[in-house]
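# Structural overview for review
One letter stands for each residue in the lines below.
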Amino acid sequence: MNARVNDEPASVSLTEQAYAVLRDRLVMLEIKPGEPINEDRLRTELGVGRTPIREALKRLEQERLVVAFPRRGTFATDVNISDLSHISEVRRTLEPLAAAASAERATAADRTALTELRSRLDTAPSGDNIELLRTDVGVHRAIYGCVHNPFLEDTLISYDNLATRIWCVFLPRLSGMAGHVDEHVPLLTAIIEGDAKKASELASQHVIGFEQAIRALI
């Protein structure tokens, strides 16, 4: 009985590791839309067994990042620009809510971490859109963590992941990515200072700006 209990945390940890790696590859389109997921190669590459990979893929399917077909296998989902309006509709509601909640609920440790993150934004590579986009994702996830609501946090991350995939499609044609990331500086400041109203307003502007930037390229 003790052996079984001791095995559970290791299994969960391996699944989480596999999930995190696969999720970020799918989000950043390192695994291309429509590309098959090779479970055997992933097991070898990540050094995990069949179960963690399959559990991770089940979770990713729920988040619309992969799709499984009987007898055909699992594939990265396509990126449909027609989904932009639906994704943006949800984010226009939830992102301001999350920013305001973060400003109100962030702990002292949270605010210290956000202050350090804000400082690192000053040294973000302005000419590398991929790294800027990774920075953007990291800032969003840090803010979501300060909400201290795991259900809302998971939902926010899921929709930000879908939005980021759309970003990636248009990344070669985007010219204002550095400015988009710089918008996080006043947003983080508002959250750090506990200004929920301003944080909400800035988050709303940020999401609307994303949608407008994409629509300008469609």
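Here, every reference points to the structure presented above.
Residues numbered from 1 in each chain as written. Predicted model: local features only at pLDDT ≥ 70, side-chain atom pairs only at ≥ 80, totals over all residues. Heavy atoms only, no water.

## Focus on the overall build of the protein chain
Counting secondary structure elements, the protein chain contains ten helices and two strands. In sequence order, the secondary structure elements of the protein chain are arranged as α-α-α-β-β-α-α-α-α-α-α-α. Projected onto its principal axes, the C-alpha positions of the protein chain cover 50 × 45 × 30 Å. Here the protein chain, with 218 residues, has 44% of them falling under the buried criterion. With the model as given, the accessible surface of the protein chain reaches about 11500 Å², and the carbon-plus-sulfur share is 51%. Separation between the mean location of the 26 positive side-chain charges and that of the 32 negative ones in the protein chain comes to 5 Å. (Helix = DSSP H or I, 4+ residues; strand = E, 2+ residues; numbered from the N terminus. Buried < 20%, exposed > 50% of the residue type's maximum accessible area, 1.4 Å probe, protein only. Areas by Shrake-Rupley, 256 points an atom, 1.4 Å probe, with all protein chains shown as cover. Lys, Arg positive; Asp, Glu negative; His and termini not counted. Charge placed at Lys NZ, Arg CZ, Asp CG, Glu CD.)

## Overview of the layout of surface pockets
Gaps left between atoms show up when a probe the size of a water molecule is rolled over them. Size it by volume and the largest pocket reaches roughly 520 Å³. Glu 63, Arg 64, Ser 158, Tyr 159 and Leu 162 are the residues nearest the centre of the largest pocket, which is lined by 21 residues in total. If you list the elements that add at least two residues to the lining of the largest pocket, you get α1 (2-27), α3 (50-62), α4 (84-105) and α7 (150-170). Of the residues assigned to the lining of the largest pocket, the class counts are seven nonpolar, six polar and eight charged. (1 Å grid on protein atoms, 1.4 Å probe; cavity = no way out; pocket = protein on both sides within 12 Å on 5 of 7 lines; lining within 4 Å. Points joined across faces, edges and corners; volume = space filled by probe spheres on them. Nonpolar A, V, L, I, M, F, W, Y, C, P; charged D, E, K, R; others polar.)

## What about the pairing of strand β1 (residues 66-69)?
Side-chain positions along a regular strand alternate between the two faces of the sheet. Bridging between β1 and strand β2 (residues 73-76) involves four bridges; their strand directions are antiparallel. Within the sheet, the bridge partner assigned to Val 66 lies in β2 and is Ala 76. Once β1 ends, the chain turns through three residues before running back antiparallel as β2, passing Arg 71 with a positive phi of about 65°. (Pairing = 2+ DSSP bridges.)

## Brief notes about unusual backbone geometry
Within the chain, Arg 64 stands out as a residue other than glycine whose phi angle is a positive 65°. Structurally, Arg 64 can be placed in the loop between α3 and β1. Unlike most non-glycine residues, His 148 shows phi in positive territory, near 55°. When you line up the elements, His 148 lands in the loop between α6 (129-145) and α7.

Functional significance is not addressed by these values, which are geometric in nature.
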